[in-house]
Amino acid sequence: MEAAGPPQNGDAPHAPNDLSQVLAALGAIYEPSSSNETRRQATEYLEQAKRHPEAPSNGHTLALDKSQPAQLRHYGLTMLEYSIKYNWEDFTVDQGEALRNYVVELAQNIAEEDPIYLRNKVAQLWTEIAKRSWGAEWMNMDEQLVELWRNSLHHQAVVLYVLETLSEEVFNREDATAGLRGSDLGRACVEIFTPAAVITEHLPTRDKNLNVRFGDEGWLKRLCDNLNWCLSQDYQSQESVRLCAVKTMGALRASMTWVIPKAIVAVQVIEHVCKALAVPVVELQLASVEVLQAIYSRHHLHDDEFVELVCPMFTPGSVSLLREVYGWTLSDMNIHDLNEQKYTLCRKLSELANSLGLFIEQKPQRIPEGSDLPGIFGLLFDILRNPSLVVSIPVLHCWSKLLRSRIVRDSSVVTQMIGGLLEVCCSRLIRYESFPEDSQDVTLLFLYEDIDTVPERHAFLGNYRRFCADVIEVLVRRTPVEAMEHILAQATEMFQKLYNDQPPFQPQTFSKQSPPVLQVDAQVTVIDAALKGYLKWLSIQGSDPQEDERKRTTMEDSFEQWCRQLLQARFEDPEIAKKVIQLMSTFSTKALPDRPAFALTFLEHMLTVRLADNTAFPQYSDAVKDLERVCSLEMQKLAMKFPDDFTNVYDGLERKINEMIADPTTDDRQRMAFSAFLFIIIHRSTTLDRETQTARMKQMLDQVQSAWQDDEFTSSISSFQSFCGVLGMDRLPEFLSVNNFRGVQDWSEQPLGSDGQALQALILDRSQQLPLRLTKTLLAASIEKLRDGSAAYETAAVLWAAAIPVILPNILQLVSHAQAFNNIESNWCHLPLELQQVIRRVLTDRFWQAGISTESRDDFFARVSGSKSTYEGFASTVRGTVRQIRESSYYILYSLTRFRDFFYGISNLPGPLSEALFGNAHALSAHHLSVLLSVSTHLIEGCPASLRPQFLPPMIEGLFRELDSKISSEWNDINRQIVESGENDNLTDEMKTESILRQLTYSSVSLVAVLLDSRQEFARQDEQSRKNEPPMCDFILSNTAVLERILLFCNSIIRVRDTRSVVTIVRVIRGLIPRFKEKSPIRDFFCNDILKNAITSLHEPYFVDCQKELATLIAATIHLDDEIPRGILLSLPGMGDESRVDRRLAKLKSANRSDERLQRSIVLELLSSVRGVSIHEQGKIERAKPKKKTAFQEQYMSVDQQAPAIVRGTSPALAGVADIFGDS
């Protein structure tokens, strides 16, 4: 090749120019007897060979030589590939044409005996050149494709590869090279795929001078004709014909998302593909369903397109075909001997049925007469009942939407199905995840087959249950009387037969997952969903109000009767009793809000439902305490709903409550909850006179005020040492040392001595004496379910206003000390190192995490509960007490923010508050910092606009200083552990740590998004009164110190290995960039620090899923300034060619800035020569292997805070990327 291209920078002194040397090097690599050093040298030589001016010529010669082994010919193709990808723009027009001719010649010369990977590589090279020059220099490509097409099946395969890949990369994928010429390539594709007649009629304004097509028929027609030919051959026995049909449908599928609908109709794509669906060969059926799914995944079809494209699937013939194929897949759905291919087809059919069903919901009135809607609804119902929930869920989701359409809901076909739909949805609200692991339930076995990880399984089942509940809700709304009657009768029968096949309840065998508990849980979920539907029916006034009122009264009568009946039953199982109490509360407060007599009956029931505790069975005992806690909460809800009715019987209630408070078996928590119950009645009553009401509330609140005002208490928490003393922990180090905690390996196996148990009891008792619980309880009673500005709110605000200045100094001391307790370096540094390590271990939480912990959640709690009297139990008491103090103090601070100016208006509060919250925050774990972040968010969001300048700067700066430090250091630790760990290390703890860190990172990033984006203002209960406040982002952007602190945090996040956080923060930064067009330190920070981190992340394989966002950010940053970004780019390895960089920058600056894909593509091309590997390609190489579930299924399994798998020892050596800017 005379014009092979200019030499590349960095050629080796002895650059290869002899094909024989290339052959020798390749031979050395594949020769079994070669040493590693020889192979390394040969590999280096071959990499250099790709850069040589003669590489295209040598590659072409090698690839064309059929006497060479296939792997050597493949290497020849990679030589051509390197030249196309990295040197193309340096070639002259003649050189480009010569390279193109090489590839066309290779395609023409492929033979049937060539391995498929060789043929595909040739087709890939064809596509790479097409993306760069088709429609510009290369005008006759379509003609050359047609010539190839007419040759043989294996030549057709090359054409099909090119057509499919071009479709994908120009329209469906984010391909950087195609993106540079997106509109030109898009027009060319439309031109060659669409029949000429369709273009003339339906695209009359198109550019008629493209001159890229050959012949009138277009590729859609050729593909359909080819599919027809394949189906007329002996496809059963001829693999090549089957493969050709599948590849033809692959090319059709890729084009269905963008080709104009009239073209699909004109060449009868749907009819041709349905013929393939009717063939009993699963590969062909799968390929045909994917083409149909691509068509029906299109949105925004016009009415005529809907009739022409969608309605053919509703004809009796099409519906019959779909039902037959679905029935055929069921013949092999034996979970113990599953036909994988047929099962995949079954799942795909369900996804297709979902798409078709949603079209019915959108345009039911457009479906023509003669359509087989009963058949299609029958198919949807059959698929819904499939034993596999993964098959069922797309159609269940579809039903939840279909039933919202009045036309569908009221059709006679669907009316007949209501009973069946209710039955399926009710039966599937059971918690399958709580079944025993050895259960042989078919649905559960399919679930294990389909979904590998526990968190995905839980997320999936949560979604499935949500859709079932949606269907029940809609059906009840449609026919409330009949549906509720059916559901409550079903529930009555279930409660009557609860223990029919089970032994009677025994405390010693108590389990939260026992069959009776799971049955009751499912039934309660059904009734909850039904009540939502009933309440929605109530809220929508019908055309006959009198009839509706009659129905409502009838239903309320039946509800009350049913509830009274249920309250007479006695449930010994505390978990079942709890669920019944919660259900009764929903009925009383929501469905029977005008029936105070029932509320009083229910209240009396809760005051008398006492199950005997038995501490010999810890799990049962905990459940009994939980039942008592729930009763207290539900009593308080009743008090909020019926305060005036309860005021009428207040004296009797007070007597009863005081008796229970005086009962020695009632614990402190219950006593305070009972007091709060009485407080709520007084506070929310509208019949009490204001004076009496205020006096009684003040009497209760005075207890709080005097407890915080107590001088002895203030003195006892004045220093860290005295704080430890007041908790009985002043001699903790001595106790740990004397009892040799350091020498015990497994603390949970070491029994605690009597002195330890005494100290444990003392710590718990001392912590209960702090005024935290009383304050928390009365604060909750004062603010819950109250809108700012209501009379009850104003009363509470005035009363608490006096207490706030009294509470704050000591609550800040408690927060400060409770955080400082975890600060080993400051507060435990006087101890010997071994004892410091013991303290560190005492402070390490035990926690369980779905999908990561190796034991079940119940086993974990049973283990914790069973280890109370061990060394581990003692450690748990110590850290739990301190955590409880910290988190109770946080809650009190949060609650006080509800009193707005009374809290925020205290002039000297912000500094001490920030110091208390953040002074020792670095010592907290990521898990505990998440809790601090949550309360800080509330403190920030609640601040009235007028007080922001005074209150927010120390809060926001302190918070983001700590978040930046903690998140950056913890991610560095995790990345180091991954690099250092061996493959067989126990990953459980590490994965838990990483999962919690991801949650903290994303929560922090979400706060930034709210602070800096005016579209994401906070949602507060008092939002009505805040509508006229200026957005928070205005304040942040006007305060440079606060903004700089947040931007430093944002810059750190660009480098953390959490895709969701990076994508979010990059979008936030991009939103800010237009505000800083003028020269300023912040603009320089964008152009320097943020740009560097964005480029570094872009080059790491981990960040492949953030490439679009990172590349767009880099483009936006380059536009900000002419000099700084240019200097940074030129400093990168492989970017020393100034003229090349300047050409790309000029191209970027002149490109349409609203065309983000083009902007991204230019950036990716600009940076492709860094390290000599295209960033885009690197992403492709490193992308994780796809899971067996489709993107369609993925939507039902996504886990919000999923801990990713940790890959060890497989990361490429990326030290070069880390020091890309020469940073040490």
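Note that this is a predicted model, so its numbers are computed, not measured.

Focus on the overall build of the protein
Thinking step 1. Helix and strand counts for the protein come out as 61 helices and zero strands.
Thinking step 2. For the protein, the C-alpha radius of gyration of 36 Å lies close to 33 Å, the compact-globule estimate for 1224 residues.
Thinking step 3. Seen through its principal axes, the protein has C-alpha atoms that stretch 105 × 75 × 60 Å.
Thinking step 4. Buried positions account for 55% of the 1224 residues belonging to the protein.
Thinking step 5. Surface exposure of the protein reaches about 52,400 Å², of which carbon and sulfur atoms provide 49%.
Thinking step 6. Between the mean site of the 128 positive side-chain charges and the mean site of the 162 negative ones, the protein shows a separation of 2 Å.

Remarks on the UniProt feature "domain: Importin N-terminal" (unreviewed entry) in the protein
Thinking step 1. This chain's UniProt record puts "domain: Importin N-terminal" (unreviewed entry) on residues 42-109.
Thinking step 2. Here residues 42-109 runs as 79% helix and 0% strand, with 29 Å between its end C-alpha atoms.

Some remarks on the side chain of N739
Thinking step 1. Residue position: N739 is located in the loop between α38 (732-738) and α39 (754-768).
Thinking step 2. One polar contact links the side chain of N739 to the main-chain carbonyl oxygen of F735, over a distance of 3.0 Å.
Thinking step 3. If we ignore the near neighbours within four places in the chain, the residues touching N739 are D755 and Y871.

Thoughts on the side chain of Q68
Thinking step 1. As for its placement among the helices and strands, Q68 is situated in the loop between α3 (55-64) and α4 (70-87).
Thinking step 2. The contact partners of Q68, leaving out residues within four places of it in the chain, are L23, L62 and R73.

Let's talk about unusual backbone geometry
With the exception of glycine, most residues fall at negative phi, and the peptide bonds are largely trans.
Thinking step 1. The backbone of H300 shows a phi angle near 60°, a positive value even though the residue is not glycine.
Thinking step 2. The class for H300 is exposed, based on a relative accessible area of 77%.
Thinking step 3. For R900, which is not glycine, the phi torsion reads 40° and is therefore positive.
Thinking step 4. Looking at the secondary structure, you find R900 in the loop between α45 (871-896) and α46 (901-904).

Here's the deal with helix α54 (residues 1081-1098)
Thinking step 1. Counted at 1.5 Å a residue, the expected span for α54 with its 18 residues is 26 Å, and the 24 Å between its end C-alpha atoms agrees.
Thinking step 2. Taken as a whole, α54 carries its principal kink of about 30° at L1091.
Thinking step 3. In terms of burial, α54 is a largely internal element, 13 of the 18 residues being buried.

Re the confidence of the model for the protein
Thinking step 1. When pLDDT is averaged along the protein, the result is 89, and 91% of the positions lie at 70 or above.
Thinking step 2. Every residue in residues 1171-1187 is under pLDDT 50, and counting partners more than four places away or in other chains gives 37 contacts.
Thinking step 3. This stretch, residues 1200-1224, has a pLDDT under 50; its non-local contacts, to residues over four places away or in other chains, come to 51 contacts.

Description of empty space enclosed by the protein
Rolled over the atoms, a probe as big as a water molecule pinpoints where empty space is left.
Thinking step 1. Tallying each qualifying case throughout the model produces six cavities of 30 Å³ or more.
Thinking step 2. One number sums up the size of the largest cavity: a volume of about 100 Å³.
Thinking step 3. Surrounding the largest cavity, A63, L64, K66, R73, L77, L106, N109, I110, D114, L118, R119 and V122 form its lining.
Thinking step 4. When residues of the lining of the largest cavity are assigned to their parent elements, the largest contribution, three residues, is made by helix α6 (residues 116-133).

Overview of the environment of A1009
Thinking step 1. Within the secondary structure layout, A1009 lies in helix α50 (residues 988-1012).
Thinking step 2. When its relative accessible area of 3% is taken as the criterion, A1009 is described as buried.
Thinking step 3. C-alpha of A1009 to C-alpha of H272: the two residues are 737 residues apart in sequence and 50 Å apart in space.

Thoughts on the domain arrangement of the protein
Thinking step 1. Taken domain by domain, the protein holds domain 1 (705-902), domain 2 (907-978 + 987-1015 + 1030-1075) and domain 3 (1090-1174).
Thinking step 2. Once you take the C-alpha centre of each, domain 1 and domain 3 turn out to be 51 Å apart.

Let's talk about the pattern of salt bridges
Thinking step 1. Per the stated rule, a full pass over the model turns up 81 salt bridges.
Thinking step 2. For E89, the salt bridge is made with R1144, and the minimal N-O distance between the two is 2.4 Å. Of this pair, E89 sits in the loop between α4 and α5 (93-108) while R1144 sits in helix α57 (residues 1138-1150), and the two are 1055 residues apart along the sequence.
Thinking step 3. Using a relative accessible area of 34% as the deciding quantity, one classes E89 as partly exposed.
Thinking step 4. For R1144, a relative accessible area of 4% translates into the label buried.
Thinking step 5. As a salt-bridge pair, R1057 and E1100 come within 2.9 Å of each other at their nearest N and O atoms. Of the two residues, R1057 sits in the loop between α52 (1040-1053) and α53 (1059-1072) while E1100 sits in the loop between α54 and α55 (1107-1120), which places them 43 residues apart along the sequence.
Thinking step 6. Connected through salt bridges with shared partners, the residues R431, E433, R465, D521, E575, K578, K579, D626 and R629 form a single ionic network.

As for the packing of aromatic side chains
Thinking step 1. All chains considered together, the criterion is met by 42 aromatic pairs.
Thinking step 2. Taking the centre distance of 5.2 Å and the plane angle of 80° together, the rings of F741 and W747 count as edge-to-face.
Thinking step 3. Judged by its relative accessible area of 0%, F741 is buried.
Thinking step 4. Between Y1102 and F1103, the ring centres sit 5.3 Å apart and the planes meet at 85°, which makes this aromatic pair edge-to-face.
Thinking step 5. The class of F1103 is buried, set by a relative accessible area of 1%.
Thinking step 6. In this structure an aromatic cluster arises from ring pairing among Y534, W537, F559, W562 and F587.
Thinking step 7. Of note, K342 hangs over the ring of W328, and the distance from its end group to the ring centre comes to 4.0 Å.
Thinking step 8. Across the ring face of Y1002, the terminal group of R1060 is positioned such that the distance to the ring centre comes to 3.7 Å.

Description of the packing of helix α34 (residues 668-684) against helix α40 (residues 772-783)
Thinking step 1. The N-to-C vectors of α34 and α40 enclose an angle of 30°; their axes lie 9 Å apart at closest approach. Classified by the angle their axes make, α34 and α40 are roughly parallel. When the axes of α34 and α40 are compared, the crossing they make is right-handed. On the side of α34, the interface is formed by D668, R669, M672, A673, A676, F679, I680, H683 and R684, while α40 contributes R773, L774, T777, L778, A781, S782 and I783.
Thinking step 2. Classifying every residue of the contact of α34 with α40 by side-chain character gives nine nonpolar, three polar and four charged.

Quick notes on the environment of I839
Thinking step 1. Here I839 shows up in helix α43 (residues 833-842).
Thinking step 2. Each C-alpha atom, one on I839 and one on V726, is 19 Å from the other, the two residues being 113 residues apart in sequence.
Thinking step 3. Once residues lying within four places of it in the same chain are set aside, the contact partners of I839 are L732, L736, I824, W828 and L831.

Section: the packing of helix α28 (residues 545-568) against helix α30 (residues 596-608)
Thinking step 1. One can describe the packing of α28 onto α30 by two numbers: an axis separation of 11 Å at closest approach and a directional angle of 15°. Taken together, the axes of α28 and α30 lie roughly parallel to each other. When you trace α28 past α30, the crossing you get is left-handed. Here E560, C563, R564 and L567 of α28 lie close against α30, whose contacting residues are A597, F598, T601, F602 and H605.

A closer look at a positive patch on the surface
Thinking step 1. Taken together, K532, K590, K641 and K785 make up a surface patch of like positive charges.
Thinking step 2. Summarising the element assignment, K590 is placed in helix α29 (residues 574-591).

Describing the environment of Q365
Thinking step 1. Mapped onto the elements, Q365 comes out in the loop between α19 (340-362) and α20 (373-384).
Thinking step 2. Look at Q365 and you get exposed, because its relative accessible area is 54%.
Thinking step 3. Residues Q365 and V408 lie 43 residues apart in sequence; the distance between their C-alpha atoms is 9.8 Å.

Concerning the state of the cysteines
Thinking step 1. Applying the stated criterion across every chain yields a total of zero disulfides.
Thinking step 2. C311 carries a free sulfur, and the closest cysteine sulfur to it, the one in C274, is 14 Å from it.
Thinking step 3. Residue class for C311 comes out buried when judged on its relative accessible area of 4%.
Thinking step 4. No disulfide involves C1087; its sulfur sits 16 Å from the nearest other cysteine sulfur, which is in C1050.
Thinking step 5. Taking relative accessible area as the criterion, C1087 reaches 0% and is therefore assigned buried.

A short note on α19
Thinking step 1. With 23 residues, α19 should reach 33 Å at 1.5 Å per residue; the first-to-last C-alpha distance of 34 Å fits that figure.
Thinking step 2. Among the 23 residues of α19, 18 are classified as buried, and the element is accordingly described as predominantly covered.

Conventions adopted
Residues numbered from 1 in each chain as written. Predicted model: local features only at pLDDT ≥ 70, side-chain atom pairs only at ≥ 80, totals over all residues. Heavy atoms only, no water. Helix = DSSP H or I, 4+ residues; strand = E, 2+ residues; numbered from the N terminus. Rg over C-alpha atoms; globule rule 2.2 N^0.38 Å. Buried < 20%, exposed > 50% of the residue type's maximum accessible area, 1.4 Å probe, protein only. Areas by Shrake-Rupley, 256 points an atom, 1.4 Å probe, with all protein chains shown as cover. Lys, Arg positive; Asp, Glu negative; His and termini not counted. Charge placed at Lys NZ, Arg CZ, Asp CG, Glu CD. UniProt positions renumbered as here; feature names shortened; annotations may be inferred. Polar contact = N/O pair within 3.5 Å; in protein donor to acceptor, adjacent residues only side chain to side chain. Contact = heavy atoms within 4.5 Å. Expected span 1.5 Å × (residues − 1). Bend = angle between axes of the 7 residues up to and from the residue. pLDDT = per-residue confidence, 0-100. 1 Å grid on protein atoms, 1.4 Å probe; cavity = no way out; pocket = protein on both sides within 12 Å on 5 of 7 lines; lining within 4 Å. Points joined across faces, edges and corners; volume = space filled by probe spheres on them. Domains from an automatic or database assignment. Salt bridge = Lys/Arg side-chain N within 4 Å of Asp/Glu carboxyl O. Phe/Tyr/Trp six-rings, centres within 6.5 Å; stacked < 30°, edge-to-face > 60°. Lys NZ or Arg CZ within 6 Å of the ring centre and 35° of its normal. Axes fitted to C-alpha atoms, helices over the stretch in contact; angles between N-to-C directions. Parallel < 35°, antiparallel > 145°, perpendicular 65-115°, else oblique. Left-handed = near helix turned anticlockwise from the far one by under 90°. Nonpolar A, V, L, I, M, F, W, Y, C, P; charged D, E, K, R; others polar. Patch = residues over 30% accessible without salt bridge, like charges linked within 9 Å, V, L, I, M, F, W, Y side chains within 5 Å. Disulfide = S-S within 2.5 Å.

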